[in-house]
Amino acid sequence: MKYLVWNECYSAGGADWSLIELITHWGNPNDEFLVFVNESHKGLPLLKDKLVNKANLSKYKSPQDISNRIMLRRNIFLDLIRKVFLSVISMYFIFFKLRKIIVDTKPGIILINNGGFPGALSNFLLIISGKLFSKCKIVMIVRNYPPELFENSLYVKICSFICNYFLNGVVAVSNSLKDSLAKDARIKPENLKTIYNGVSIENKTSNLDGSKYTYTPHSAAIIGALDERKGHEHLFEAWKYVVQEFPEAKLYVVGSTTNSNYKNLKNQAKRCHIESNIEWVEFTNNVGSIYKVVDVVIVPSIAYESLGRVAAEALAFKKTVIVNSFGGLKEIIDDPSLGYCLDVKNTTKFKNAIIKILNDDALREKLSENGHAKYKEKFTSEVMAKKYLEYIISV
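In what follows, the accompanying structure is described.

### Some words on the overall build of the chain
When you go through the chain residue by residue, the secondary structure sums to 15 helices and 13 strands. Over its C-alpha trace the chain gives a radius of gyration of 22 Å, about what one expects of a compact globule, namely 21 Å for 395 residues. Dimensions of the chain, computed from the C-alpha atoms along their principal axes, are close to 65 × 55 × 40 Å. Looking at the chain residue by residue over its 395 residues, the buried ones come to 54%. In the structure as shown, the chain presents an accessible area of about 18100 Å², 53% of it carried by carbon and sulfur atoms. Each charge class in the chain was averaged separately, 52 positive and 40 negative side chains, and the resulting centres sit 7 Å apart.

Rendered as structure tokens:
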């Protein structure tokens, strides 16, 4: 079977890794993957590196790529008119380009690798083109929640209509996201299927200098974008109490220091008097050496965390996990025997949980063993790929 995988995204992250895991662990070696990625996607180098010999990867110019090329900066009004006009022209252009791609490649399956719903414009142009010029199945993967202001968004309503009547199915990466798509995006429940993202650790230990980071007792890590939604502020508030209990405690903060929130976090660390207990680690695609030197991994996300890839990844590394009681994180740590799931905005409960875990080796070992067993049952890349193959055959 030939799979046409469509990806229009502009920031590197979990969606790229989940696609990599899906293709590299696919159960049918006779299937062929043709992956199309917009040329301005920041995750393109990662996809090229990890999918070599696994998929045929092609770049394309998205409508946004095209409209961003021409801007009149001297007159805001004329610039706006030109951008709107160019967007319309680019939609017309890409519609016919998509027709050519479909006719030339003759896919048996079109797989839309989406980020948050509704995602990029070209996804829906491809769906329409696929229905007009092919008889293949079309399945969309949605990896994050729809916007909160759905009622005022005509674009989202149109996208939901297309999903309901043009797609063979929509995959959500958690039950929390599935429920949101049914309620907030009004996608028919019978069109929705939950398949958890799978993670593997073989690609996570190669590019980070292991000798640079050594184990320190009472250490933790928070890994991911430094966005406000990731909850660093709440962790820092709790960590100032942790260092009172364990003065040598170290918190690894892994994320890109080019993030606009980086300076705010640095200032908060200073206000909380925890600067010397924090080690800032520039984001890397291979964070195995960080996992190996910490006792606990903390995922305090407060918004737009439809599953929590880092939490599942930590279980794969046999690390104890503390998560916020939000979104898909509650589905990873859904039992006290697996880790701590709590309200991170309650600083007292949050800091007490961290201190208890850091102070109890036996508890950490028990939680990490239980968590790893759940990882092997539900969150491996092999389990994910198997479920996708079964679902695509069934729709």
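### As for unusual backbone geometry
Trans peptide bonds make up most of the peptide bonds, and negative phi angles are found at most residues other than glycine. Here the bond from Phe117 into Pro118 is cis, since omega is 5°, no more than 30 degrees from zero. The phi angle at Lys318 is positive, at roughly 60°, despite the residue not being glycine. Secondary-structure assignment places Lys318 in the loop between α11 (309-316) and β12 (320-324). The exposure class assigned to Lys318 is partly exposed, which follows from its relative accessible area of 41%.

### Remarks on the environment of Arg309
Looking at the secondary structure, you find Arg309 in helix α11. Sequence-wise, Arg309 and Trp17 are 292 residues apart; in three dimensions their C-alpha atoms are separated by 9.4 Å. In this view, Arg309 contacts Gly14, Trp17, Ser18, Glu21, Gly198 and Val199; residues no more than four positions away in its chain are not counted. Side-chain polar atoms of Arg309 contact the side chain of Glu21, separated by 3.2 Å.

### Topic: the pairing of strand β11 (residues 296-299)
Going residue by residue along β11, you find Val296 and Ile298 tucked away on one face and Val297 and Val299 tucked away on the opposite face as well. Here β11 pairs with β12 via 4 bridges, running parallel. Looking across to β12, one finds that Val296 is bridged to Thr320. Once the chain exits β11 it traverses α11 before rejoining the sheet at β12, and the crossover so formed is right-handed.

### Re the sheet that holds strand β10 (residues 278-281)
Here 6 strands make up an open sheet; going across it, the order is β10-β9-β8-β11-β12-β13 and the pairing parallel. Only two strands of the sheet have a single neighbouring strand rather than two, namely β10 and β13 (340-342). In this sheet, neighbouring strand axes are inclined to one another by 20° on average, regardless of whether the strands run parallel or antiparallel. Summarising the sheet, strand β8 (residues 219-223) and strand β9 (residues 250-254) pair through 5 bridges and their orientation is parallel. Of the residues in β9, the one forming a bridge with Ala221 is Tyr252. Across the face of the sheet, helix α8 (residues 232-245) comes into contact with β8, β9, β10 and β11 while running at roughly 170° to β9.

### Details of the nonpolar core
Counting residues in hydrophobic clusters, the biggest one holds 65 residues, and the most contacted among them are Trp6, Phe117 and Leu181. Considering every element that reaches this core, the biggest residue donor is α11, with 6 residues. Among all residues touching Phe117, those that are not within four sequence positions of it are Val142, Asn144, Tyr145, Pro146, Pro147, Val156, Cys159, Ser160, Cys163, Leu181, Ala185 and Ile187. Grouped together as the second largest cluster of nonpolar side chains are 33 residues, Phe236, Ile278, Ile298 and Leu342 included.

### Quick look at the sheet that holds strand β4 (residues 109-113)
Neighbouring strands of a sheet are bound in pairs by backbone hydrogen bonds; such pairs are parallel or else antiparallel. Reading across the sheet, the 7 strands line up as β3-β2-β1-β4-β5-β6-β7 and stay open at both edges, with parallel pairing between neighbours. Looking along the sheet, the strands with just one partner apiece sit at the ends: β3 (56-60) and β7 (192-194). Ignoring which end each strand starts from, the neighbouring axes of this sheet average 20° apart. As paired elements, strand β5 (residues 137-142) and strand β6 (residues 169-172) share 4 bridges and run parallel to each other. Looking at the pairing, Ile141 lines up with Val171 of β6. Along the sheet, helix α5 (residues 121-133) contacts β1 (2-7), β3, β4 and β5; its crossing angle with β5, the most-contacted strand, is approximately 165°.

### Here we look at the environment of Tyr340
Locating Tyr340 in the fold gives a position in strand β13. Here the alpha-carbon distance between Tyr340 and Val323, two residues 17 residues apart in the chain, equals 6.3 Å. Once you skip the residues sitting within four places of it in the chain, Tyr340 turns out to touch Val321, Ile322, Val323, Ile333, Ala353, Lys356, Ile357, Leu363 and Leu367.

### Points about the pairing of β4
For β4, the tally of buried residues reaches 5 of 5 residues, placing the bulk of the element in the interior. Pairing of β4 with β5 involves 5 bridges; the strand directions are parallel. Residue pairing across strands places Ile109 opposite Lys137, the latter belonging to β5.

### Considering the packing of aromatic side chains
If you walk through the whole model with that rule in mind, you get 14 aromatic pairs. Measuring from centroid to centroid gives 5.4 Å for Trp26 and Phe33, while their planes differ by 85°, and the two rings are edge-to-face. Taking relative accessible area as the criterion, Trp26 reaches 11% and is therefore assigned buried. Ring geometry for Tyr262 and Trp280: centres 5.2 Å apart, planes at 85°, overall edge-to-face. Taken together, the residues span a long stretch of sequence, with Tyr262 in helix α9 (residues 262-271) and Trp280 in strand β10 at a distance of 18 residues. With a relative accessible area of 21%, Trp280 lands in the partly exposed category. Counting every residue linked through ring pairs, the aromatic cluster contains Tyr3, Trp26 and Phe33.

Analysis parameters
Residues numbered from 1 in each chain as written. Predicted model: local features only at pLDDT ≥ 70, side-chain atom pairs only at ≥ 80, totals over all residues. Heavy atoms only, no water. Helix = DSSP H or I, 4+ residues; strand = E, 2+ residues; numbered from the N terminus. Rg over C-alpha atoms; globule rule 2.2 N^0.38 Å. Buried < 20%, exposed > 50% of the residue type's maximum accessible area, 1.4 Å probe, protein only. Areas by Shrake-Rupley, 256 points an atom, 1.4 Å probe, with all protein chains shown as cover. Lys, Arg positive; Asp, Glu negative; His and termini not counted. Charge placed at Lys NZ, Arg CZ, Asp CG, Glu CD. Contact = heavy atoms within 4.5 Å. Polar contact = N/O pair within 3.5 Å; in protein donor to acceptor, adjacent residues only side chain to side chain. Pairing = 2+ DSSP bridges. Right-handed = clockwise from strand over helix to strand, strands pointing away. Axes fitted to C-alpha atoms, helices over the stretch in contact; angles between N-to-C directions. Core = buried A, V, L, I, M, F, W, Y, C linked by side-chain atoms within 4.5 Å. Phe/Tyr/Trp six-rings, centres within 6.5 Å; stacked < 30°, edge-to-face > 60°.

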